[in-house]
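Close look at the chain arrangement
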Amino acid sequence: MSVETIDTLVVGGGQAGIAMSEHLGNAGISHLVLERARIAERWRSERWDSLVANGPAWHDRFPNMEFAKDGPDDFPSKHNVVEYFENYATMINAPIRCGVEVTEVREKSGGPGFVATTSTGQIEALNVVAATGPFQRPSIPPVIPADADVVQMHSTAYRNPDQLAKGAVLVVGAGSSGGQIADELLRAGRQVYLSVGPHDRPPRSYRGRDFVWWLGVLGKWDAAAMTPGTEHVTISVSGAHGGQTVDFRRYGARGMTLLGMTDRYKNGVLHFAKDVAENIAHGDANYLSVLDEADAYIAQQGLDLPEEPQARDLAPDPDCVLNPILELDLAKAGITTIIWATGFTVDYSWLKQDVFDATGRPIHQRGVTAAPGVYFLGLPWQSRRGSAFIWGVWHDARYLADQIAIQRAYRDYHPSAQPQS
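The following refers to the structure shown. (Residues numbered from 1 in each chain as written. Predicted model: local features only at pLDDT ≥ 70, side-chain atom pairs only at ≥ 80, totals over all residues. Heavy atoms only, no water.)

**Observations concerning the packing of helix α1 (residues 15-26) against helix α9 (residues 390-412)**
Going by this rule: Axes here mean lines fitted to C-alpha atoms, for a helix over just the part in contact, with angles spanning 0 to 180 degrees between N-to-C directions. By the criteria applied, helices consist of DSSP H or I runs no shorter than four residues and strands consist of E runs no shorter than two, each listed in order from the N terminus. Every angle not falling under 35 degrees, over 145, or within 65 to 115 is termed oblique; those three ranges are roughly parallel, roughly antiparallel and roughly perpendicular. Put simply, a crossing is left-handed when the front helix is turned counterclockwise from the back one by less than a right angle, and right-handed when it is turned clockwise. Any two residues whose heavy atoms approach within 4.5 Å at even a single point are treated as in contact. Gly falls in the polar group here, along with every residue not listed as nonpolar (Ala, Val, Leu, Ile, Met, Phe, Trp, Tyr, Cys, Pro) or charged (Asp, Glu, Lys, Arg).
Between α1 and α9, whose axes approach to 8 Å, the crossing angle comes to 45°. By the angle between their directions, the pair α1 and α9 is classed as oblique. Note that α1 runs across α9; the crossing there is right-handed. Contacts from Q15, A16, A19, M20, E22, H23 and L24 of α1 reach α9 at I390, V393, W394, A397, R398, L400, A401 and I404. For the contact of α1 with α9, the per-class residue count stands at 11 nonpolar, two polar and two charged.

**Topic: the pattern of salt bridges**
The condition is simple: Salt bridge criterion: a side-chain nitrogen from Lys or Arg within 4 Å of a carboxyl oxygen from Asp or Glu. Three labels apply to residues, based on accessible area from a 1.4 Å probe with only protein chains included: buried if under 20% of the type maximum, exposed if over 50%, partly exposed otherwise in between.
In the structure shown here, the tally under the stated rule is 22 salt bridges. R207 is the salt-bridge partner of D295, the closest N and O atoms lying 2.9 Å from each other. On the criterion of sequence distance, the pair formed by D295 in helix α7 (residues 276-301) and R207 in the loop between β11 (205-206) and β12 (209-210) is long-range, its members being 88 residues apart. A relative accessible area of 22% means that D295 is categorised as partly exposed. For R207, a relative accessible area of 10% gives the class buried. Of the charged contacts in the structure, one is a salt bridge between R312 and D292, with a shortest N-O distance of 2.8 Å. With R312 in the loop between α7 and α8 (319-322) and D292 in helix α7, the pair connects residues that are 20 residues apart, well separated along the chain. For D292, a relative accessible area of 42% puts it in the partly exposed group. One network of salt bridges, in which partners are shared, links R201, R249, D284 and D317.

And the structure:
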């Protein structure tokens, strides 16, 4: 059986893989993108029904195509995001094969490059780009036994309120997913408990500009990569309902019960830390710091943007913050479902290369590893704060394509004949 050969193999057909394909194509580098399911599959089947992008359409896109069905300030639905990536792949004529799973990539024996074992056969490549993104394996902390008398699911399995059994719902995690899901359940008339950990809480907009604009002009999107192990900062932001600032105090005023960090479970009782007020205060400090920097920028630049003093008005602490609940008998509280919005772990078990630390995370510099021909794309803080976002991954992909082209030039170099002495 013949083995297919290609210069660069890209594993993953989401936003990272499509961005990588565009820049490799522009550089004239032959490549193939393999996707085990469909283009942008996680947007299709691992997100809830009402999800919209967390950034407006003018910002959260690739530079060379706008969203066809959304205005610049709209927050595209997950369906429109999927269609966007499908259309983009068509526009750039990306060589994507869907329904092909990569099960193993090893160094090629007796020569440079790699051999990829896939569900449809083997492929040899000089370079491999792992473009599977940061959201690979849903993570549920081992707090409550699987056989406890309550339904447990990760946020990737949640679709809509009607999917859940009757009764109260506990959402663990106050990032964008947890906050939006808890708010949707509350709007649907459910009794909702929300376990709130440390988080950043930026304003959705301020003085007539969306927060993505503020992060841009204040230089925060281009902040340098953080120290390894501190890359993940929980950010609670939402584009739902036209885009509103997430305010947990207002959730509490509407009837949501706010709790501290989920701690331990014993005999049907879930225990929580006393830190709910501290965590909300931390979010407030982040929120107010953005307003301060925005005001200073407006003054320094002499911009004519409307003042918004009411943005600094914080709602009063609800009773659940003033008198925090430290333990909850799940049965007595009527909680029938727990949704864990607790993030993801990475899974690169298919890539048989010594390029990972003790936790399984890639060791790299802007996506370039110490192993010749092995690259990563779509990682949080890969080169900057914006790296894991749609527009950020496009710029990181351009850098990686340049590095692959540089290495190809070195590989193809042949010294000219030297004159005889």
